[in-house]
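# Topology and contacts: notes
The lines below spell out each chain.
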Amino acid sequence: MMRRTLLILITSLLAALSFLVPCSARAGQVLQAFEPGSLARIVDTQKGRPFILVVWSLDCVYCQASLKTIAREMRRRKGLRVVTVSTDAVDDPDAVALMQQRLGALGMTRHAWAFGVAPPEQLRYAIDPAWHGEKPRSYWFDGRGGKTAYSGVITAAMIERFAPR
């Protein structure tokens, strides 16, 4: 009897804990939660290599155009490093499913983030104190500590200008 009760307790506990794991993690494609200290982590993981940080959202039509252009250029330029940050909430299961679907269709799930639990204003400020939330927004990191901010649709010509060869 004690063994059965313990088994039921453990099973119930595991079931309850599964709801605490973001559905993105359960699906195999993890959208990491972008919090105030995340940008420093992102820069560190790039190890001094140039990369593009693209800020987007599900309801931004221009963001979708930018992401499509970047995906096309990533196929052309194998060394093009891209990190995406969605301003949609990582704790919204429906939004997570849509973000994964869109990024997955473009082959851009590797370095994918979405806004975490901190207030959106705080997260925007953590990315760039001068940024007021307009999208699409991108940051072109040169790998030597410098970055260029850009608001607007990303084109192949922009990638040619800013991205390393």
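Before going into details, it helps to say that this report is about the structure given with it. (Residues numbered from 1 in each chain as written. Predicted model: local features only at pLDDT ≥ 70, side-chain atom pairs only at ≥ 80, totals over all residues. Heavy atoms only, no water.)

## Some thoughts on the overall build of the chain
Stated precisely, the cut-off is as follows: Secondary structure elements follow DSSP: runs of H or I no shorter than four residues count as helices, runs of E no shorter than two count as strands, and numbering proceeds from the N terminus. In this scheme, a residue with accessible area under 20% of its type's maximum is buried, one over 50% is exposed, and one in between is partly exposed, where area comes from a 1.4 Å probe on protein chains only. Pairs of residues are marked as contacts when any of their non-hydrogen atoms sit within 4.5 Å. Accessible surface area values rest on a Shrake-Rupley calculation with a 1.4 Å probe, where residue burial reflects the displayed protein chains alone.
Helix and strand counts for the chain come out as seven helices and six strands. Walking the chain from its N terminus toward its C terminus, one meets helices and strands in the order α-α-β-α-β-α-β-α-β-α-β-β-α. Burial analysis of the chain (165 residues in total) assigns 38% to the buried set. Here the analysis covers contacts within the chain between residues at least 6 apart in sequence; of these, 69% occur between residues at least 24 apart. Per element, the accessible surface of the chain, about 9,600 Å² overall, is 60% carbon and sulfur.

## Topic: the nonpolar core
Formally: Joining through side-chain atoms within 4.5 Å is the link that ties buried Ala, Val, Leu, Ile, Met, Phe, Trp, Tyr and Cys residues into a set, and such a set is a nonpolar core.
Ranked by internal contacts, the top residues of the largest apolar core, which has 26 residues, are Met99 and Met108. Counting only elements with at least two residues in this core, the list comes to strand 2 (51–56), helix 4 (61–76), helix 5 (93–106), strand 4 (112–115) and helix 7 (156–162). If you tally residues by element for this core, the top one is helix 5, at five residues. Met108 has contacts with Leu67, Ile70, Ala71, Met74, Val82, Thr84 and Leu103, leaving out every residue within four places of it along the chain. In this structure, Leu39, Ile42, Phe51 and Tyr139 belong to the second largest nonpolar core, which totals 16 residues.

## Focus: the sheet that holds strand 1 (residues 32–34)
To keep it simple, the criterion reads: Following DSSP output, two strands are said to pair if at least two bridges run between them. Here, axes are lines fitted to C-alpha atoms. For helices the fit covers the stretch in contact, and angles between N-to-C directions go from 0 to 180 degrees.
What the six strands build is an open sheet, ordered 1-4-3-2-5-6; its pairing is mixed. Each edge of the open sheet is held by one strand with a lone partner, namely strand 1 and strand 6 (147–151). Neighbour-to-neighbour, the strand axes of the sheet open up by a mean angle of 25 degrees, direction not taken into account. Across the face of the sheet, helix 4 comes into contact with strand 2 and strand 3 (82–89) while running at roughly 155 degrees to strand 2. With respect to the sheet, helix 6 (residues 120–127) is in contact with strand 1, strand 2, strand 3, strand 4, strand 5 (137–141) and strand 6, its orientation differing from that of strand 4 by roughly 135 degrees.

## Remarks on the environment of Gln46
One can find Gln46 in the loop between helix 3 (38–45) and strand 2. Note on Gln46: relative accessible area 1%, which makes it buried. The residues contacting Gln46, other than those within four sequence positions of it, are Phe51, Arg81, Val83 and His111.

## Notes on the side chain of Arg137
The cut-off we apply is this: Any N or O atom pair separated by 3.5 Å or less is treated as a polar contact, with the protein-specific requirement of one donor-capable and one acceptor-capable atom, and with residues adjacent in sequence counted only for side-chain atom pairs.
Tracing the sequence through the fold places Arg137 in strand 5. Looking at Arg137, its side chain comes within polar contact range of the side chain of Glu134, at 3.2 Å. One polar contact links Arg137 to Ser151, side chain to side chain, over a distance of 2.6 Å.

## A word on the state of the cysteines
Cut-off, in case you're wondering: Criterion for a disulfide: a pair of cysteine sulfur atoms within 2.5 Å.
Enumeration according to the criterion identifies one disulfide in this entry. Disulfide partner of Cys60: Cys63, at an S-S distance of 2.3 Å. Measuring handedness by torsion sign, the sulfur bridge of Cys60 and Cys63 sits at about 85 degrees and is right-handed. When its relative accessible area of 8% is taken as the criterion, Cys60 is described as buried.

Read these as spatial facts, not as claims about activity.
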